[in-house]
Every structure is written in structure tokens, then in C-alpha cells.
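For reference, the chains in residue letters:
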Amino acid sequence: MSHKYYDEQFCEIQDCLVATLNSEPAQADRRENRQLLAGLYVRYITIANKLGTCVDQMVQPQKRLLLRKLLEATLGRILELKTDLVEADLSEWTHCGDILEDLRITPNDSELEIPACFRREREQEINCRKGVIDDVLNKLGFTDEVDERLPMSEQQAILVIQTHERARQGRLRAQFMKEIRSMKDKNKPVVTEESEGDEQQLGVNLAAAVKIQKIWRGYMARRATRRQKLQEMLLIGMIPPPKKRNEEIEKDLENQERRRQLQIQRQEEYSQDIKKIRSHLEKTQRGPVLEQLSDQVRNWFHEFKAQTGTIPEYTGSERSASRQMPSRQGTDSETSKSTPGSSKESKMTKTRASKSGKEPKAAEDVEDEEDWRCKAIVSTFAPELNVRKEEYEEWWRNKDESSNPRQHHYKHIIEHEQMTEMENELRKVVDEMMKAELMLLQDAFDKDRGHKSKKKSSKKSRKAMKKGKKKKEKDLTPDRTTQSLFEELVANGIIKRYPEVWMQDFRGERSFHPPAAHNRGKEPPFDLGDIRQVLTEYCVVPLLSARLHRNTPPIKSVLLAGPKGSGKDMLLHAICNEIGAVLFDLTPANIVGKYPGKSGLIMLIHLVVKVSRLLQPSVIYMDNAERPFVKKVPKTDRTDPKRLKKDLPKMVKNFGTEDRVILIGATNCPWESDQKLLQQVYQKFLIIPRPKYSSRYAIWTHLLNRHMPVSWKFDTSVVSKISDGYTVGSIVSTVKEVITVKRMLQLRIHPLSPLELVNALCKRTPVYKEEDEALELWWSKVPMVRRRLRAVEMLIEEEEEMMAKQANAKKK
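Residues numbered from 1 in each chain as written. Predicted model: local features only at pLDDT ≥ 70, side-chain atom pairs only at ≥ 80, totals over all residues. Heavy atoms only, no water.

Taking an unreviewed UniProt entry as the reference, the chain is identified by name as ATPase AAA-type core domain-containing protein belonging to Dendroctonus ponderosae.

Let us look at the overall build of the chain. Across its full length, the chain carries 31 helices and 6 strands. Counting only residues that meet the buried cut, the chain has 40% of its 812 residues in that class. Here the contacts in the chain between residues at least 6 apart in sequence split such that 84% fall between residues at least 24 apart. Within the structure as shown, the chain displays about 50300 Å² of accessible surface, and the carbon and sulfur contribution to it stands at 54%. (Helix = DSSP H or I, 4+ residues; strand = E, 2+ residues; numbered from the N terminus. Buried < 20%, exposed > 50% of the residue type's maximum accessible area, 1.4 Å probe, protein only. Contact = heavy atoms within 4.5 Å. Areas by Shrake-Rupley, 256 points an atom, 1.4 Å probe, with all protein chains shown as cover.)

The final tally for this structure, using the stated rule, is 40 salt bridges. Measuring nitrogen to oxygen at the nearest pair gives 3.6 Å for the salt bridge that ties D295 to R298. Of this pair, D295 and R298 both sit in helix α10 (residues 286–308), 3 residues apart, which is roughly one turn of the helix. On the accessibility criterion, D295 (33% relative accessible area) is partly exposed. (Salt bridge = Lys/Arg side-chain N within 4 Å of Asp/Glu carboxyl O.)

Looking now at the sheet that holds strand β1 (residues 495–496). By way of backbone hydrogen bonds, the strands of a sheet pair with one another, either parallel or antiparallel. Spatially, 6 strands are ordered β1-β3-β4-β5-β2-β6 in an open sheet, and the strand pairing comes out mixed. Bordering the open sheet on either side are β1 and β6 (684–687), each of which pairs with just one other strand. Bridge count between β1 and strand β3 (residues 582–585): 2 bridges; the pairing is antiparallel. Each bridged residue has a counterpart across the sheet, and for I495 the counterpart in β3 is F584. Sitting on the sheet, helix α19 (residues 528–540) touches β2 (557–561), β5 (661–667) and β6, and the angle it makes with β6 is about 160°. Helix-sheet contacts for helix α22 (residues 597–614) involve β1, β3, β4 (618–623) and β5, and the interaxial angle to β3 is about 170°. (Pairing = 2+ DSSP bridges. Axes fitted to C-alpha atoms, helices over the stretch in contact; angles between N-to-C directions.)

What follows concerns a nonpolar patch on the surface. Where nonpolar side chains cluster on the molecular surface, the patch consists of W216, Y219 and M220 and spans about 330 Å² of accessible area. Looking at where Y219 falls in the secondary structure, it is placed in helix α8 (residues 197–235). Since its relative accessible area comes to 38%, Y219 is described here as partly exposed. (Patch = residues over 30% accessible without salt bridge, like charges linked within 9 Å, V, L, I, M, F, W, Y side chains within 5 Å.)

Below, the discussion takes up a negative patch on the surface. A contiguous patch of negative charge on the surface is contributed by E793, E797, E798, E800 and E801. Relative to the helices and strands, E801 is located in helix α31 (residues 783–811). (Lys, Arg positive; Asp, Glu negative; His and termini not counted. Charge placed at Lys NZ, Arg CZ, Asp CG, Glu CD.)

This next bit is on the side chain of N404. Locating N404 in the fold gives a position in the loop between α15 (381–395) and α16 (411–449). Within polar-contact distance, the side chain of N404 engages the backbone oxygen of H408 at 2.7 Å. (Polar contact = N/O pair within 3.5 Å; in protein donor to acceptor, adjacent residues only side chain to side chain.)

Turning to the pairing of β2, a few remarks are in order. Across the 5 residues that make up β2, a large majority, 5, are buried. A two-sided burial pattern is seen for β2, the buried positions comprising S557, L559 and A561 on one face and V558 and L560 on the other. Pairing geometry for β2 and β5, over 5 bridges, is parallel. Bridged to L559 within β5 is G665. In this structure, β2 lies alongside β6, joined through 4 bridges in parallel fashion. Residue pairing across strands places L560 opposite L686, the latter belonging to β6.

Encoded structure:
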């Protein structure tokens, strides 16, 4: 793609963004305006996908910077709308089938793609951490050593080649001589007593030659006919094209990588010019600007005193600082009310009411809470999108770039930005200077009038400071460096290296269902693609940048539930790869014998929390997440699973908005644990469904398409139907077992049949009905599902009451 193409995309994105911002409501009700919020949600996703592509390929550094800010703000707005839609539907799965039909887009187009620019900016840091992990594991001998062979000399290489070539020629010569001998044996004349034997043998040979010729010509004719038929079917689109390397795609990928390298070059030039222009402005413009700003403030002082006769109160710096503070109304309270075990205030009010002898007004509290939950979040990112829109209108909409084909930066824009930045910095300096001058002027004015200056007591401010201070956690390792703590956790197996897997590698189709009302009917079914989308919005996007995590509704912990082989570990590794996170493994079986005793447990929790905050973003993982909260531990279990039972809730609670740390638990039998304790630790509960037919078809197709010789005639629909009831892991292991290296070499002669895969699949254990029922029963006890069921019951009761009143009115 050319620079012109991405410039056109830039303009299209701005037009689409303007249209979407114009439809933003001032204050919306989540349930009444659900259609509007869902439409904004889908539109912002399509905009974010286009922005991610442009940021990845745009070369001009100033445009790319603007696109980067737009992308971050758009992702933040998507997360806000996701929170609104979850509360509107009382469901973690956002179904927008009606919106997709109106916008005429497919479910794949409405899936949020994870932008690669955030990870690429930290590529060097991520590679450095991986290198440290590899070095520590090599020192401890946990990795297989690769024997480094010395390079051969030219003479040794020639001798090896000669040896192999002579052996090859000898084998060919032996095979050739064997064939000659067999041909001589076949052509030996048959000795007969009759004189007419030669003529009879000649007739037999002639008949044999005619027969061979007939068979060969028939074979060649059938082959030509079959080839012609395949070409015709390929022309009209009846069969897929043959699997071959597409040169155009490879060329496009090379071009994309070349543009990324050019981005780095242009960014370095841009940074150097920023430093040069800033130093020039500091030398030439700093003094005059400082004097000009000071004169403006002093003139305002004199004018105010001449008009009022008093000296003004100057609070310039405080006012500017207050403008920079972000205002988020309702975000913290929303998450605290939605999470279980966090309503301490409600418990306190209940105890106070019981002591005073007055019963709390439960119905009014419920109504107020429902009214509050129905209000949409006041967006933090929509105003920023408007600011970026104005910036685009000012600098880029009507700009003629015909004189800049190489996409270099513009120096006059740098001068304007640096001048504005320097003025803002100088305004703070001027504010401090004017405050000092104003205090001196006030003292002189009081002396002239004969008043004594009174010193203001700072007791209130001291009390406020004491109240505002929080108790700092005691640092148990103050003298140790982050590097040493990191190496210790790697050596003990707490920090682990994970395989390189990406979120798009988790195959599965998205559902295409219209939404169901929060108090009517059952929740629409969901598929594997929906779990991929939800984890992207909950675990990946908020951790991409500190600003996104700070200004979006925080999600501190997620529990993934699903049968064995459903892909929980793969999703965890994909999350870690997408954000470039450090993975901490606190699985009960992994920490057995490490940091023993009570003091050792305290040290373990301290090290994990400290290092995860220092090396954020971080992911703390716990497999078999139900084990710390089981009611009875089997006697054969020696892993001491309840060791972290009391510390996990405290650890999750202490994660702040500035900590890009998330706890992810995985379990295949969550019903075995105490649900109240489980809900105190995990904020979001997600279930991985069994793949439906469409997802199974996509998985089989993807796995088989990796192998070039697999015929297009292979009936994928058969194995997709037969594999109903099996997990994704069973399907993957079946393909690995059947298609070995030896079998791949035979595919061209002996095509793959569905029966081979079915025979191997039957050896796997399917998901039985009892396990499905137990998982569904547990899912019905999850807080979000219970809220939805409660809303449905309330609506049914209201309808029954209305019918009873109408029946009584008819009787009267």
C-alpha cells in the first residue's frame, strides 16, 4: 500500500468518527437507550480496527502521533460502552445481531482487533525480560543444552559431499542393473518342439503390445479430461483454488515490514528536530515570553486594584491543576457495588439501623440502586476525541502534501507545539512568582492601613493530610534490586516463560444473535469467538497502556471455567503475548515446597505483588482455581491448596488503578469450591462453551489447511458433525496424532480420509452430559446470572399481579 492509500484511510476514519461523535448522547439511560449504545459500540470497534491498521503502517510521525492518541481514546470509549451494555443486558456477552444487520457488516468485522503498536513500542523491553529468563534457566540447567558444532573446513565439506554422491550413484547403478536383469529374464524366448513356435510367440507379443497401448491411451485421455474438468470447476468457483504460496501476499508482507522500518527512521528524525527546535526556542524566546506573561498578570493586578480598591486573590496555578484533573463520575462506585463482598457501607448501615431499632428501607434502596445502575457512564474519552477531531480540522484536513512525497515531518507544527508547551511551563513559573509578589504587596497594603498580618493556622491542612495518607505496605526487601528479585522468582519457578501464541490463533466463530431484554427470556447462546472478544475487552485492552487502565472501569480478576482441553491455557498465553506481560504462576501444585512456613508465605506474596507492580503489565495465574476454596481437601492431596485462601482476597483488593496487574484463574470443576469465597476473589466469571458446528468446521479447516497435500475433496463437514461433544484440545491432538511426517509424505498417493481422524478421535474422552449439567448449575449461581434471573422473576411477579387485579376488577 502507498502513502496515499493510508492518507485516504485517515480522512475516511475522521469522517466516520465525526458522524459517530455527533450521535453521542449527553446523558443516556442504559436500558432505554440500549440500541443507541450498542450502535456506538459497534461503530467505535470498526473505527478502532481501521485506526490500528493506519498506526501500524503510517510513516509520517506527526500524523501517526495523532492517530495513536485517537486509537487510545477510541479503545477507552469502547470499554466504557462495554460496561454500559453489560449492565443494560445483565450479561457478559454483548449480542449485537440487529446492529450488524443495520450496518450491513459481518460478525468478524465487529470483532475488536488488538493493535500491535502498543506491544511494538515495548519490543526491546519484552525481549530483554525473555533473555533474562533464558539466562537464569540455563544457569540452573532447566533447559536442554544444544551442542554447538564447529564449522567444517572447505576440504572436509568436499569429502562429505563426495562420499554421499558416490553412495547415491552406487545405489542408482545397482537399481539400474537389477531392472536390466529382470527385463532380460522376461524377454527370453520360450523353447518349443513345434516349428511354429516363433510365429506364435510373435502373435502373443503383438497382442500384449496392443493391450498396453490401449490401456495407456485410455489413462492419458481420462487424465486430460479430469484436468479439463478441474479447470472448468475452478473457473466457475465450484472448487477452492489449489494451495500454493501467494507471491502478492508475501510481497505485501515485505512491504509492511519495510514501512515499519521506515517509521523508526522517520521517528528518529522527528525526535532530533524536536530537541533542536526546543533548544533554539529556549535560547531565543524564553526570556521575552516570561516577561510578556509577567507583564500581563501585573497589568491585571493594577486594573483590578484601580477598579475595586482591593488586591485580588490569585490562584492561577491551582486553577490550571484542577483543570488537568480527570473527572470520573460513578466509575469507582459502580465497580464496588457490582463486585461481591465489597458493600461494607451497606452492612454498616444495616447494623446501625438494627441497633437504633429502625428497619432500613429496603425497597427504596433497591429502587435507588436500580436507577443508579441504569445511568450510563459519563465518558472521559469522548471529550478527548472531540479535541483530536479539532486538531485534525486545524492541521490536516486541507493540508496540501504534494511537496512531501517522502512523508517527512513538518517543522512549523513542531515549532507551534513546542512554543505552546513552553508557554504552559512558563505560566506555572509566572504563577509562583506572582503569588510571591502578591503576598508582599498584601503585607505592604496591610501595613499602610495599620492592620497586623495574621498567620493562618495549618491545623486543618495537617489533619487533612493525615486523613488523606494511606498506610504504606511494609517493604520486606528494601535493599534488593528488581533484577535480583526477578531472577529469584524465575529460579523458583514462580515467573515462567510462555509459548508464543496469539489471540487470533484461538479459532472459533462469533454468534450472530439479536439481544434479549435483561428481564425477558433466556440469555442468547454464545460461541468460542465470543469468549475471545470478551477476554480482549477485559484482560488485554485495559492493560495496553497506563492511561487506559487508569480511566476505565477496573477489572482486577477473571475466572475462566471450562472442561479439560477447552483452551484455558492457550487463552492465558495469548493474553500474556498480546500485552507483553510477565507471568506469575501461583498454582497450588507449583508453590509446593517453595517459601515454606508462615513467614515464607508472607515473603512469597510480598515478592509477587512487588515485582508484578515493578514490571507491569503483569498476569498472576492460578490453575485449579477452586482448590484453595474447597470444603474438604482429600487426604491424598499433599499440595496444601488452602495455603493462599486468606491472602488471595487481600492481594486482589490492594490492586489500585495505577497497577496494571490482573489475576486470572482457570478451573474445570468450579462447583467443588465455596462460592462465597470464590466470589470474593474473582470479579468476572467467564465460561468457555463447547464449540458449535460452525466453530468446529472452522477449527478442522484451519488445522487441515496447514498441510499442503490434503485434498480439497476431503469432507470436513463429516468430521465436524461427528466431533460434536469433543473439546478443541481433543480435535488438535487428533490431527497431531494422525498427520505425522510419514503420513504427510503419503498424502499425495494415499489421500486422507475422514475415517482415519474419526478412529483417532474416538480414543479421546468427550464432555459427558453430567459434566455439562454441573457446569450449567454452577453458572446459574454466578452473580451476574443471578441478577438476571432475579430481574426475570420480578417481571413475572409484576405481570401476575396485574393479571390478578384485572381479574378482580372484572368480577366486581
